[in-house]
Amino acid sequence: IRNICILAHVDHGKTTLADALIASNGIISKRMAGKLRYMDSRDDEQLRGITMKSSAISLHYLLETKEYLVNLIDSPGHVDFGSEVCTAVRLCDGAIVVVDVVEGVCPQTHAVLRQAWLEKLSPILVLNKIDRLITELKFTPDEAHLHLQQVLEQVNAVTGSLYSAEVTNTSVTPCIRTQVVYDWSSGLADTDDSKLYFSPSHGNVVFASAVDGWGFKIQHFSRIFSKKLGIREKILTRTLWGDYYVNTKTKKIMKGAQVRAKGKKTLFVQFILENLWAIYDAVFIKSQWLPLADAVLSSVCQYLPSPSEINGDRVEGLMCAATKSFSALHQESRALKQDFLSCDPTSSTTIVLVSKMVAVEAKLMPQNKPRYLLSEELPKNEQNEKNEQFIAFARVFSGTLKVGQTLFVLGPKYDPTSILDLNVKSNPHVSQTSVTSIYLWMGRELESLEEAPAGCIVGIGGLEDVVLNSATLCSSMACPPFNALTVDVAPIIRVA
Ligand code: GDP
């Protein structure tokens, strides 16, 4: 399982990219991808052409022989919908950050990178709208290469500023986070920060044209050219991006100013951009040859963590705003940290985070099976007339959530250190509820499930009387509640 969100500044191409990923599962046709805006299910979103509410969809992806379930959340990019980004980020382990290569880093790019950093998500980067470099800016491959390098530098500069802000604010020595490339989820490396950055040779950068449905990582080309040139794939992967040149006769790869002075073209320009430029108007060929969904989903599955890779730092960050750390809690509560870390569906403790309540409209299908459609949020008193109900947007962190299960609902101010007070009725921050239904989010529709194991993002019915927006559901009262969501809006000055 991979739980990921798509983050970007408004109009940089999140919803178009989501369409391409959804089309790869046959949910919409490839021809309609980019036009349908499938994740923008509300009428006002379609009308305005922007995403206003986060929505989710579960996709299947086969990488070599391994099957993956990718739960994808599309979130709004407009500054006014920051709380929606918050709810999306909270449920995920990884993020696809989309940047329009013509616009470069914009205020909301900065804000979403910061949000992902604070929530310790691991990101991959999609440099989108590459086609605009050809069709609008009329760049040559050389100019495009230079421009792409600059955009990448801009993005990495934001990462660098987040990193140094954290290092200077941390009084204790930060722990090492070097095991996984660009892993933002654990503590910081005080000596080697190189792994925190985006680099095409690390495999965490996809070059894309979401609207035309094509995209690639340089690894795709190193495979092709290693056979053609007789140079090892590993070496080509390391040298396709950057100041590297090849002597095709001797098969020697060279670096630096001397070669550049001779007017040679870098490997990236020579082997990738010049090939692309040669067929720039053959969109169909490119989308067949370099399917965007493959480039993005293979990176997601290879490089972003699965829910079971969640680490102690992230768990503490999610739960312990009030108590600072699990170690300050009762023994019974402390033991629950292990449930988070093992993400075990067989665990006897079920722990679920509800990040928001979503209004859905029930419509009857021909076979009298209810079919739920996402609808505009209405005040609760209008629900019944419209046959609407609220479904919780939630993630199962431990155990298996089952229909009919009774769980405690813990408010953000619940204090597990008052566990001696087991009388639910006398504690204003706790109530009990029974799960009436569980759903898989499928964009505009919901699909019924009987149960959902740890790691899944699901919809839960039957909570509307006990949950207003976010809450913690747990089979044990020893669990500390998830921290309340806070909207982290970077300072943006609006100029009239
Ligand atoms: P969002 O606000 O981030 O969800 O952005 P959208 O997916 O709605 O895209 C904004 C606009 O950019 C739409 O008009 C898209 O058709 C267009 N767009 C998206 N991706 C590309 C791309 O790769 N190339 C070009 N030229 N336009 C794109």
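Residues numbered from 1 in each chain as written. Predicted model: local features only at pLDDT ≥ 70, side-chain atom pairs only at ≥ 80, totals over all residues. Heavy atoms only, no water.

Examining the overall build of the chain
Piece 1. Within the chain, the secondary structure is distributed over 14 helices and 20 strands.
Piece 2. The contacts in the chain between residues at least 6 apart in sequence include a share of 69% that link residues at least 24 apart.
Piece 3. Of the roughly 21,700 Å² of accessible surface on the chain, 52% is carried by carbon and sulfur atoms. (Helix = DSSP H or I, 4+ residues; strand = E, 2+ residues; numbered from the N terminus. Contact = heavy atoms within 4.5 Å. Areas by Shrake-Rupley, 256 points an atom, 1.4 Å probe, with all protein chains shown as cover.)

Considering a nonpolar patch on the surface
Piece 1. A cluster of nonpolar side chains, contributed by Phe284, Ile285 and Trp289, occupies part of the molecular surface with about 330 Å² of accessible area.
Piece 2. Under the relative-accessibility criterion, Ile285 is labelled partly exposed at 47%. (Patch = residues over 30% accessible without salt bridge, like charges linked within 9 Å, V, L, I, M, F, W, Y side chains within 5 Å. Salt bridge = Lys/Arg side-chain N within 4 Å of Asp/Glu carboxyl O. Buried < 20%, exposed > 50% of the residue type's maximum accessible area, 1.4 Å probe, protein only.)

Some words on the pairing of strand β5 (residues 122–128)
Piece 1. In terms of burial, β5 is a largely internal element, seven of the seven residues being buried.
Piece 2. Side-chain alternation along β5 places Ser122, Ile124, Val126 and Asn128 on one buried face and Pro123, Leu125 and Leu127 on a second face that is also buried.
Piece 3. For strand β4 (residues 94–100) and β5, the ladder comprises seven bridges, and the chain directions are parallel. Along β5, the bridge assignment pairs Gly94 with Ser122.
Piece 4. For the handedness criterion, the β-α-β arrangement of β4, helix α4 (residues 107–118) and β5 is classed as right-handed.
Piece 5. In this sheet, strand β6 (residues 205–209) lies alongside β5 in parallel orientation, the contact comprising three bridges. Paired with Leu127 across the bridge in β6 is Phe207. (Pairing = 2+ DSSP bridges. Right-handed = clockwise from strand over helix to strand, strands pointing away.)

Some details on the packing of helix α13 (residues 312–319) against helix α14 (residues 331–342)
Piece 1. Across the interface, α13 lies against α14 with an axial gap of 10 Å and an inter-helix angle of 115°. Classified by chirality, the crossing of α14 by α13 is right-handed. Contact residues: Gly312, Val315, Glu316 and Met319 in α13; Lys337, Phe340 and Leu341 in α14.
Piece 2. Considering only residue class, the contact of α13 with α14 consists of four nonpolar, one polar and two charged. (Axes fitted to C-alpha atoms, helices over the stretch in contact; angles between N-to-C directions. Left-handed = near helix turned anticlockwise from the far one by under 90°. Nonpolar A, V, L, I, M, F, W, Y, C, P; charged D, E, K, R; others polar.)

Re the pattern of salt bridges
Piece 1. Following the criterion strictly, the structure yields eight salt bridges and no others.
Piece 2. A salt bridge links Asp243 to Arg260; the nearest nitrogen and oxygen atoms lie 2.3 Å apart. Residue Asp243 is located in the loop between α8 (233–239) and β8 (244–247), and its partner Arg260 is located in helix α9 (residues 257–261); the two are separated by 17 residues in the primary sequence.
Piece 3. The exposure class of Asp243 is partly exposed, given its relative accessible area of 23%.
Piece 4. Bridged by salt links that share partners, the residues Asp100, Lys129, Arg132 and Glu136 form one connected network.

Side note on the packing of aromatic side chains
Piece 1. Tallied over the full model, the rule gives twelve aromatic pairs.
Piece 2. An angle of 25° between the planes, with centres 4.6 Å apart, marks the rings of Phe225 and Phe271 as stacked. Of this pair, Phe225 sits in helix α7 (residues 218–229) while Phe271 sits in helix α10 (residues 267–278), and the two are 46 residues apart along the sequence. Considered together, Phe225 and Phe271 belong to a single accessibility category, that of buried residues.
Piece 3. The interplanar angle of 55° and the centroid separation of 5.7 Å between the aromatic rings of Phe340 and Phe397 together place this pair among those described as tilted. (Phe/Tyr/Trp six-rings, centres within 6.5 Å; stacked < 30°, edge-to-face > 60°.)

Quick look at the confidence of the model for the chain
Piece 1. With 75% of its residues at a pLDDT of 70 or more, the chain shows a mean pLDDT of 79.
Piece 2. Taken together, the stretch residues 187–191 has pLDDT below 50 and engages in 22 contacts with residues farther than four places along the chain or on a different chain.
Piece 3. Note on residues 374–380: pLDDT is under 50 here. Beyond four places in sequence and across chains, it has 30 contacts.
Piece 4. Here the predicted complex scores 0.83 on pTM and 0.99 on ipTM. (pLDDT = per-residue confidence, 0-100.)

Some thoughts on the packing of α7 against α10
Piece 1. Across the interface, α7 lies against α10 with an axial gap of 11 Å and an inter-helix angle of 110°. Regarding the angle of α7 to α10, the classification is roughly perpendicular. Between α7 and α10 lies a crossing of right-handed hand. On the side of α7, the interface is formed by Ile218, Phe221, Phe225 and Leu229, while α10 contributes Phe268, Phe271, Ile272 and Asn275.
Piece 2. In the contact of α7 with α10, the residues fall into seven nonpolar, one polar and no charged. (Parallel < 35°, antiparallel > 145°, perpendicular 65-115°, else oblique.)

Remarks on helix α12 (residues 292–303)
Piece 1. With twelve residues, α12 extends 16 Å between its outermost C-alpha atoms, agreeing within 8% with the 16 Å of an ideal straight helix rising 1.5 Å per residue.
Piece 2. Along α12, the residues that are buried comprise Leu292, Ala293, Ala295, Val296, Leu297, Ser298, Ser299, Val300 and Cys301. (Expected span 1.5 Å × (residues − 1).)

Some remarks on the nonpolar core
Piece 1. Counting residues in each nonpolar core, the largest one holds 41 residues, and the members touching the most others are Leu125, Leu127, Leu148, Phe207, Phe216 and Phe268.
Piece 2. Broken down by element, the residue count for this core peaks at eight residues, all from helix α6 (residues 141–169).
Piece 3. Among residues more than four places away in sequence, those in contact with Leu148 are Val101, Leu127, Ile130, Leu133, Phe207, Trp241 and Phe268.
Piece 4. Among the nonpolar cores identified, the runner-up in size contains 38 residues, and Cys5, Ala88, Ile351 and Trp441 belong to it. (Core = buried A, V, L, I, M, F, W, Y, C linked by side-chain atoms within 4.5 Å.)

Details of unusual backbone geometry
Piece 1. Not every positive phi belongs to a glycine, and Lys120 is a case in point at roughly 60°.
Piece 2. Along the chain, the position of Lys120 falls in the loop between α4 and β5.
Piece 3. For Cys343, which is not glycine, the phi torsion reads 45° and is therefore positive.
Piece 4. On the secondary structure map, Cys343 appears in the loop between α14 and β10 (351–364).

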